[in-house]
Amino acid sequence: MQLAVLAAAAFTYVTAELLPVGALPAIARDLHVSIPMVGTLLAWYALVAAVTTIPLVRWTALWPRRRALLLSLSCLTASQLISALAPNFVVLACGRALSAVTHGLILSVIAPIATRLVPASHSGRATTSIYVGISLAVVVGSPATAAISLEWNWRVAVAAVTAVAALVTVAAWLVLPVMTLPQDQLAVVRRGAHHHRNRRLVIVSLLTMIAVAGHYMSYTYFAVIVRDVVGVRGPDIAWLLATYGIAGLLAIPLVARPMDHRPRAATISCMAALYVTFLVLTALALHRLPPTATALIGIMAIVLWGGSANAVSPMLQSAAMRAGADDPDGASGLYMAAFQIGIMAGSFAGGLFYEHGMLMMLAASAALIGLGAVGMIAERQLFDVPSADRP
């Protein structure tokens, strides 16, 4: 039940973050702004989250963990209420900024909270439960808000997220323990964990930033890739996006046990699969095959993309928390800041590469993913599990 509440919190937060993706035209029409202007809501959201994550994690470092979680969920609820009632684009942007401020905080503390609720030998599986909620936001939450926006109004969709956020906030207050930090961790936090001096944590964060940038460089233009490279058009693009999400949802439970037993092999395997995905898509963009063969190969690549990209995220966050085991919340905060910077850098660079052609964009994604994988292979102790945590 407790892990389910945490997964619901992650689901609601990511659904709120992605809501403009499916409601872009509706918001633009209602607020009398251009679609590209509405699209900036996502970029600004990532920027605010990246800037505020580490300071906010440090500010709340001595708090009981439930209090930090409730602060984030309360900000989410308030931000969605403001957004639903926004009379203009500026108020809408400010409302979303409120939830962006605590976006990094909640994703930094939620995985460490989950690991505290289970035995140490099940920490990887606890982390994956959170990412099931995130994957459900992609598979269910985002399409649902898009459907509500199209059928009724985007404000109704935001109001629905507001209601769900309020319910999850109450559930977290009722179900989760206070979770005061243990004395040894409090001592570390008070004197400063100095995560920037933790070589292993810094390397995990940098490699995560590189991999995320490579992923989002192309993922930002997912619909265009599906249309122009795979050859799938119209409403079928939405179905393929759902297929991508379902592949990720199915992959996460499959890697839960390897995360605890063989994290290095599991992570590198997923990175290798992601690299192969972009090589295949690059090859399809370079050489035109018969339409049926292109669609079949392309769909298989999309499935592999969804499974590997979604599975590798909890592995990297678990590695970050193990690297900063004396202060996992702070370590997770550094990881999340790197993740958000990767999203920004990848989306921006993807636009620049896209102007020079789809082939160059996909090849750049493959190069960055390959660089990240090589870095993970070279650092042999990056995913080491302390002997005390082994089952």
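Going by the structure above, here's the rest.
Residues numbered from 1 in each chain as written. Predicted model: local features only at pLDDT ≥ 70, side-chain atom pairs only at ≥ 80, totals over all residues. Heavy atoms only, no water.

1. Notes on the overall build of the chain
Our working rule: The secondary structure listing takes helices from DSSP runs of H or I that are at least 4 residues long and strands from runs of E that are at least 2 residues long, numbered from the N terminus. Residue burial is assigned from relative accessible area. The probe radius is 1.4 Å, only protein chains are included, and a residue is buried under 20% of its type maximum, exposed over 50%, and partly exposed in between. In this analysis, two residues are considered to be in contact whenever any of their non-hydrogen atoms come within 4.5 Å of each other. Using the Shrake-Rupley algorithm and a 1.4 Å probe, accessible areas are obtained, with residue cover drawn only from the displayed protein chains.
Scanning the chain for helices and strands turns up 14 helices and 0 strands. Ordered by position from N to C terminus, the α and β elements of the chain give α-α-α-α-α-α-α-α-α-α-α-α-α-α. Here the chain holds 391 residues, and 54% of them are scored as buried. Considering only intrachain contacts with a sequence separation of at least 6, the fraction spanning at least 24 residues in the chain is 84%. Of the roughly 16300 Å² that the chain leaves accessible, carbon and sulfur atoms contribute 71%.

2. A few points about the pattern of salt bridges
Counted only if it meets this: The term salt bridge refers to a pairing of a side-chain nitrogen on Lys or Arg with a carboxyl oxygen on Asp or Glu at a separation within 4 Å.
A complete count under the given rule lists 3 salt bridges for this structure. Of the charged contacts in the structure, one is a salt bridge between Arg199 and Glu379, with a shortest N-O distance of 3.0 Å. Placement of the pair is Arg199 in helix α8 (residues 199–219) and Glu379 in the segment after α14 (358–378), with a sequence separation of 180 residues.

3. Quick word on the packing of helix α11 (residues 263–286) against α14
Threshold: Axis lines are fitted to C-alpha atoms, over the contacting stretch for helices. Their N-to-C directions set the angle, which ranges from 0 to 180 degrees. Note on terminology: angles under 35 degrees are roughly parallel, angles over 145 are roughly antiparallel, angles of 65 to 115 are roughly perpendicular, and the others are oblique. In this scheme the crossing of two helices becomes right-handed for a clockwise turn of the near helix relative to the far one and left-handed for an anticlockwise turn of less than a right angle. Amino acids are sorted into nonpolar (Ala, Val, Leu, Ile, Met, Phe, Trp, Tyr, Cys and Pro), charged (Asp, Glu, Lys and Arg) and polar (every other residue, Gly among them).
It is the contact of α11 with α14, at a shortest axis distance of 9 Å, that shows an interaxial angle of 160 degrees. Looking at the two axes, α11 sits roughly antiparallel to α14. Crossing hand, α11 versus α14: left-handed. Where α11 abuts α14, its residues Arg264, Thr267, Ile268, Met271, Leu274, Tyr275, Phe278, Leu279, Leu281, Thr282, Ala285 and Leu286 lie against Leu359, Leu362, Ala363, Ser365, Ala366, Ile369, Gly370, Gly372, Ala373, Met376 and Ile377. A class-by-class count of the residues in the contact of α11 with α14 yields 17 nonpolar, 5 polar and 1 charged.

4. As for helix α4 (residues 89–116)
Using the following cut-off: Given a helix with a known number of residues, its expected span is that number minus one, times 1.5 Å. Two axes are fitted around each residue, one to the seven residues ending there and one to the seven starting there, and the angle between them is reported as the bend at that residue.
For α4, spanning 28 residues, the distance from its first C-alpha to its last is 41 Å, which sits close to the expected 40 Å at 1.5 Å a residue. Taking the largest bend as the criterion, α4 deviates by roughly 35 degrees, centred on Thr102.

5. Here's the deal with the nonpolar core
Generally speaking, soluble globular proteins have nonpolar side chains that are buried together. Note the cut-off: Take the buried residues of types Ala, Val, Leu, Ile, Met, Phe, Trp, Tyr and Cys, join any two whose side-chain atoms come within 4.5 Å, and each joined set is a nonpolar core.
Ranked by internal contacts, the top residues of the largest apolar core, which has 105 residues, are Leu6, Leu69, Ile106, Ile110, Trp154, Trp305 and Met376. A total of 13 residues in this core trace back to one element, the largest contributor, which is helix α1 (residues 2–31). Excluding residues within four positions of it along the chain, Met376 makes contact with Leu207, Arg264, Thr267, Ile268, Met271, Leu316, Leu382 and Phe383.

6. Some thoughts on the environment of Met37
Within the secondary structure, Met37 is located in helix α2 (residues 35–59). Residue Met37 is classed as partly exposed on the basis of its relative accessible area of 39%. Between the alpha carbons of Met37 and Phe89 there is a distance of 9.1 Å; along the sequence they are 52 residues apart.

7. Some thoughts on a nonpolar patch on the surface
Let me state the cut-off plainly: Within the patch definition used here, like charges are joined within 9 Å and nonpolar side chains (Val, Leu, Ile, Met, Phe, Trp, Tyr) within 5 Å, considering only residues with over 30% relative accessible area and no salt bridge.
Taken together, the side chains of Trp44, Leu47 and Val51 make up a nonpolar region of the molecular surface, amounting to roughly 310 Å² of accessible area. With relative accessibility at 56%, the residue Val51 sits in the exposed group.

8. Describing the environment of Ser365
Rules: Pairs of N or O atoms are called polar contacts if they sit within 3.5 Å, as long as, within protein, a hydrogen donor faces a hydrogen acceptor (for residues adjacent in sequence, only side-chain-to-side-chain pairs).
Tracing the sequence through the fold places Ser365 in helix α14. The class of Ser365 is buried, set by a relative accessible area of 0%. Between the C-alpha atom of Ser365 and that of Val212, which follows or precedes it by 153 residues, the distance is 9.6 Å. With near-sequence residues (within four places) excluded, Ser365 lies in contact with Gly214, Met217, Ser218 and Phe278. Among the polar contacts made by the side chain of Ser365, one reaches the main-chain carbonyl oxygen of Gly214 at a distance of 2.8 Å.

9. Here we look at α14
Between its terminal C-alpha atoms α14 stretches 30 Å, which fits the 30 Å expected from 21 residues at 1.5 Å a residue. Inspection of α14 places Met358, Met361, Leu362, Ala364, Ser365, Ala366, Ile369, Gly370, Gly372, Ala373, Gly375 and Met376 among the buried residues, and these make up the whole buried set.

10. Side note on the side chain of Ser79
Note on placement: Ser79 falls in helix α3 (residues 65–84). With residues near it in sequence (within four places) discarded, Ser79 still touches Gly95, Leu98 and Ser99.

11. A closer look at the environment of Thr60
If you trace the backbone, Thr60 turns up in the loop between α2 and α3. Classification of Thr60 as buried rests on a relative accessible area of 0%. When the C-alpha positions of Thr60 and Gly330 are compared, they lie 9.9 Å apart, and in sequence the two are 270 residues distant.

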